[in-house]
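# Commentary on secondary and tertiary structure
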Amino acid sequence: MNRALTVARLQFVAWPLVVGWPWGILASSFLINLAIFASIGDADPEPTTGGLASIYIVMFIACVNVIIQEFPFAMGLGMSRRSFYLGSLLHFVGQAIVYAGVLHLLSVVEKATGGWGLDLTFFGLPFLLVENPVLRYLAFAIPFLLLGFLGFAIALVFKRWGINGMLTLSTAAFVGIGGLAALTTWRGWWPAIGGWFADQSGGALLVGWPALLALPLAAVSYLIIRRATP
Amino acid sequence: MSPVVTVTDLTKRYGGVTALDGVSFSLAENRIYGLLGRNGAGKTTLMQILTAQNFATSGDVAVFGQHPYENERVLSRISFIKESQTYPSALRVHHVLRAASLVHPCWDEELAQQLVDDFRLPPRRNVRKLSRGMLSSLGIIVGLASRAPLTFFDEPYLGLDAVARQIFYDRLLADYTEHPRTIVLSTHLIDEVSDLIEHVLLIDRGRLLLDVEAEALRGQVLTVAGPVAAVDEFTRTGAELHRVLLGGAARATVRGDFGPTDHDRARALGLTLEASSLQDTVVRLTTATNGAAPATVGATSKEAVR
C-alpha cells in the first residue's frame with residue numbers, strides 16, 4: 001500500500017500540469033460559451049451547452065496517458081505492476097472525487113446566479129431528473145470513473161498486445177455493436193430499446209449503469225496489467 | 001554468504017528468436033560485474049527479467065533470495081538504468097529526480113545535486129528537450145544517487161562525451177568504495193571500464209560464454225608473436241582463438257591456464273608475449289570460429305558453451 005501511495009505521489013510531481021489541463025480547458029470552454037451567449041442575446045432563451053464534457057474528455061485522455069507514459073517510467077523506477085495500478089487508481093479516483101465536488105458546487109452557483117445572469121446551463125446536468133443531492137454529486141463523479149477506467153483498459157490493451165491488440169479490439173467492437181444493431185433492426189426492437197432508456201431515471205443513467213460498467217473495466221485492467229511489459 | 005542474484009537455466013524466446021538460451025550464473029554481494037556481449041546478445045533481456053520487467057520462457061531467477069515479480073521487498077532494492085528509458089513528457093529534470101527520490105529508500109539528494117552540477121544538467125529543462133547525452137547523464141544520476149543494493153546500468157553512456165564518461169566512472173568507483181553494493185555494468189566500451197570491472201560475464205547469442213574473475217581472465221588470454229613454427233609450438237598448450245599471418249611471422253591469441261613457466265617457455269622460443277586486453281579477449285572469444293571455445297580453462301572460470 002505504501003508503494004501504491006508512492007505511485008500516486010509520483011504522478012503528482014508535476015501537479016500544476018495534472019490539474020491545469022482539465023480545468024484550464026474547462027475554463028476556456030466556459031468563458032467562450034459565456035461570451036457567445038452574452039453577445040447573441042435572446043436568440044435562445046435558456047441555452048444549454050455541452051461544454052462540461054470537455055473536462056471528462058481531458059480526464060479520459062489523462063488516463064490513457066498514465067498507461068502510455070507513466071507506466072514505463074514507474075516500472076523503470078522499480079514499481080510492481082500491482083502498486084502501479086493501485087496507485088494510479090488512487091490518483092485518479094482522488095481527482096474524480098474532488099473535481100466532482102467542485103463541479104457540483106459550480107452547478108449550485110450557476111443555479112443561484114440565474115445561469116450567470118444569462119439563464120445559461122453550463123455546469124448543470126442535462127438531466128434535471130436527479131434531485132437527491134448525494135445522487136447529484138455522484139452523477140458528476142461516476143462518469144469520471146467510467147471514462148477513466150475505459151481509458152486505462154484501452155491503453156492497457158495497446159500496451160500489452162500492441163497495435164494488433166488494438167485492431168482486434170476495434171474489430172470485435174465493430175462487429176459486436178454492428179451485429180447487435182442489425183439484429184435489433186431485423187427484429188424491430190428499436191422502440192423497445194428507446195422505451196427502456198426513457199424509463200430509466202436520471203440517477204440510473206448517470207450513476208447506476210456507469211458504476212456497473214466501471215467496475216468490470218477496473219477488474220479487467222488489473223488482469224491485463226499483471227502481464228504487461230513496459 | 002548467499003548470492004544477490006541466482007539465475008538457473010534461464011531461457012527467453014520471442015516468437016522464433018531465442019534471446020537467452022539456458023543461462024546460469026550467480027552474482028555475489030558488493031562487486032562490480034561487467035555484462036559484456038555484442039548487440040542483440042541478450043544482455044538487456046537478461047536485466048529486464050532480473051528486474052521483473054519481462055518474463056522468462058523457462059528457468060528460474062532469484063534476487064535477494066526471492067522471485068522479483070510483483071515483489072516490493074526485492075524491487076525496492078533494485079535500480080535499473082537503461083538506455084531506452086522514457087519519461088512522461090510533462091516532467092522536467094528536477095521532477096525526475098524528485099520522483100526517483102520518492103521511490104528509492106536509500107536516495108542521496110546531496111549526491112544527486114552534486115552530480116547535476118558535475119554533468120552540467122539544466123534542472124528546469126523538460127526531459128523531452130534534453131540531448132541524448134544529457135538524457136544519459138540523467139539516468140546515471142538516478143542510478144548512482146539511488147544507492148540501490150543492486151544497480152544495473154544498461155549502456156548508460158550513449159551520447160556522453162569522453163569527459164562525462166570519465167566523470168561517471170570516477171563517481172561510480174568513489175561512491176562504490178564508500179557505499180559498497182552490487183553493480184552490473186553492461187557496456188560496449190570495454191577498454192574504458194576494464195579497470196572498473198571485477199568480474200566478467202560474457203553473453204553471445206543468448207549463451208553465457210564467460211563467467212570469470214577479471215583478474216583471472218587477464219592471465220588466461222595471451223597474444224604471442226614470432227616465427228610461425230614457434231607460435232605453433234606455443235599455441236599447442238592452449239586454445240588458439242585468432243591468428244594473423246605476416247610472411248613467416250604469426251601473431252596468435254591463445255587462451256589457456258598460463259603460469260610463469262609458460263612465459264619462460266615463450267621467451268625461450270623467441271616469442272614476444274603480452275596479455276590481451278579485456279576488449280581483445282571479448283572480441284576474440286565472440287568471433288572465434290563457430291563459437292568453439294577452448295577446452296582448457298582456469299579453475300576460477302565456468303563454461304556454458306555447448
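Reading the values: rules and limits
Residues numbered from 1 in each chain as written. Chains lettered and ligands numbered in written order. Predicted model: local features only at pLDDT ≥ 70, side-chain atom pairs only at ≥ 80, totals over all residues. Heavy atoms only, no water. Helix = DSSP H or I, 4+ residues; strand = E, 2+ residues; numbered from the N terminus. Buried < 20%, exposed > 50% of the residue type's maximum accessible area, 1.4 Å probe, protein only. UniProt positions renumbered as here; feature names shortened; annotations may be inferred. Pairing = 2+ DSSP bridges. Axes fitted to C-alpha atoms, helices over the stretch in contact; angles between N-to-C directions. Salt bridge = Lys/Arg side-chain N within 4 Å of Asp/Glu carboxyl O.

- Going by the annotation in an unreviewed UniProt entry, the name recorded for chain B is ABC transporter ATP-binding protein, with Micromonospora sonchi given as the source organism.

## Concerning unusual backbone geometry
All names here are of chain B.
- Non-glycine residue Phe64 carries a positive phi angle of around 50 degrees.
- Secondary-structure assignment places Phe64 in the loop between strand S4 (58–63) and helix H2 (72–75).
- Even without a glycine there, the phi angle at Arg147 is positive, about 50 degrees.
- Taking the relative accessible area as the measure of exposure, Arg147 reaches 14% and is therefore buried.

## Side note on the UniProt feature "transmembrane region" (unreviewed entry) in chain A
- Mapped onto the present numbering, the UniProt feature "transmembrane region" (unreviewed entry) falls on residues 12–38, 50–68, 89–109, 137–158, 165–186 and 206–225 of chain A.
- Taken as a whole, residues 12–38 of chain A contains 89% helix and 0% strand, while its terminal C-alpha atoms sit 37 Å from one another.

## Quick look at the sheet that holds S4(B)
Residues and elements named next belong to chain B.
- Taken in spatial order, the three strands make up an open sheet running S2-S1-S4, and their pairing is antiparallel. In the strand order of this sheet, the two ends are held by strand S2 (17–27) and S4, each with one partner. Going across the sheet, the axis of each strand differs from the next one's by a mean of 20 degrees, ignoring polarity.
- Strand direction decides the pairing type here: strand S1 (residues 5–14) and S4, joined by five bridges, are antiparallel. Paired with Thr11 across the two strands is Ser58, which belongs to S4.

## Quick word on the environment of Ala211(A)
- Following the sequence through the fold, Ala211(A) ends up in helix H8 (residues 202–225).
- Note: C-alpha distance between Ala211(A) and Thr48(A) (163 residues apart in sequence) is 26 Å.

## Quick word on the pattern of salt bridges
Residues and elements named next belong to chain B.
- By the definition in use, this model includes 17 salt bridges over all chains.
- Across the pair Asp262 and Arg265 runs a salt bridge whose closest N-O atoms are separated by 3.5 Å. In this pair, Asp262 and Arg265 are both assigned in helix H10 (residues 260–268), three residues apart and thus about one turn of the helix distant.
- Taken together, the shared-partner salt bridges in this structure form one network comprising Asp108, Arg147, Asp175 and Arg181.

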